[in-house]
Amino acid sequence: MNYKGVIFDLDGVICFTDKYHYQAWKKMADDIGVYFDEKINNRLRGVSRMASLDIILERSEKIYSQAEKNILADRKNELYKTLLHQMTPADLSDEVKSTMDKLRESGCKLAIGSSSRNTKLILKQIGLEGYFDAVSDGTNIVHSKPDPEVFLKAAEFLGLDPADCLVVEDAIAGIDAAVAGGFAGAGIGEAAGHEKVTYPLNTFSDLLNL
């Protein structure tokens, strides 16, 4: 590993909470009579909660005020947090944990860079509370990806320059954010095919070969 620090997105990289997001958005949309399916849900990956809500409401015949949108977003988040309590350390794969352990043993600092405001709850549920050297999440940023703020904050918390950090992402918006912030980006899943990605990964453990 040629980098002093590695900054990981959470959802879709360290663990997978997509199904819980989908179930919560689906329940909220059903409650207000707005059509929502998996195809629409795919557009929400790497997007902030309010921006996700705006995408869902594109199919609504009603025009919602900002106050009403805030209520809907809060409702979704409460549903989501309830579902997150179903997560356990079994939701953290052996490959991910052993890879991160080996990166740490090699001298790398490790951080989370996630737009989620539920990051700390998720880390606690999967047994990674206190594991990372720094956590930058939705509670300490103003702008979500593709703005690089969450990664810039993570690098700042680590005491490293962006050029010395590698960002690991599964979303297109996340790679865009990494590039905008001056970071190298390792892409997994959908992000591996992004034209701007520095390192396309087939599996998480490929990080050990960089």
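What you see is a predicted model; the values in this text were computed from it and never measured.

Looking at the packing of aromatic side chains
Taken as a whole and assessed by the stated rule, the structure comprises 6 aromatic pairs. Ring geometry for Y3 against Y199: centres 6.3 Å apart, planes inclined by 80°, an arrangement best described as edge-to-face. With a gap of 196 residues between them, Y3 in the segment before β1 (5-8) and Y199 in strand β6 (residues 199-200) connect regions that are remote in the sequence. Here Y3 falls in the buried class, since its relative accessible area comes to 15%. Residue Y199 is classed as partly exposed on the basis of its relative accessible area, which comes to 24%. An aromatic cluster is built from F8, Y131, F132 and F204, whose rings are joined through pairwise contacts. Here the basic side chain of K76 rests over the ring of Y80, its NZ or CZ set 4.4 Å away from the ring centre. In this structure, R104 is placed above the aromatic ring of Y131, and the distance from its NZ or CZ to the ring centre is 4.5 Å.

Some details on unusual backbone geometry
The linkage connecting K145 with the following residue, P146, adopts the cis geometry, with an omega of 15°. Here P146 is to be found in the loop between β3 (134-136) and α7 (149-158).

A few points about the pattern of salt bridges
Two side chains of opposite charge can pair, provided their charged atoms sit close to one another. In this structure the tally under the stated criterion is 12 salt bridges. Among the salt bridges present, the one from K62 reaches E68, with a minimum N-O distance of 3.2 Å. The exposure class assigned to K62 is partly exposed, which follows from its relative accessible area of 42%. A relative accessible area of 28% means that E68 is categorised as partly exposed. With a closest N to O distance of 3.2 Å, R104 and D133 form a salt bridge. With R104 in helix α5 (residues 94-105) and D133 in the loop between α6 (119-125) and β3, the pair connects residues that are 29 residues apart, well separated along the chain. On the accessibility criterion, R104 (27% relative accessible area) is partly exposed. Looking at D133, the relative accessible area reads 44%, which means it is partly exposed. Linked through salt bridges whose partners overlap, the residues forming this network are D9, K145 and E169.

Criteria and cut-off values
Residues numbered from 1 in each chain as written. Predicted model: local features only at pLDDT ≥ 70, side-chain atom pairs only at ≥ 80, totals over all residues. Heavy atoms only, no water. Phe/Tyr/Trp six-rings, centres within 6.5 Å; stacked < 30°, edge-to-face > 60°. Helix = DSSP H or I, 4+ residues; strand = E, 2+ residues; numbered from the N terminus. Buried < 20%, exposed > 50% of the residue type's maximum accessible area, 1.4 Å probe, protein only. Lys NZ or Arg CZ within 6 Å of the ring centre and 35° of its normal. Salt bridge = Lys/Arg side-chain N within 4 Å of Asp/Glu carboxyl O.

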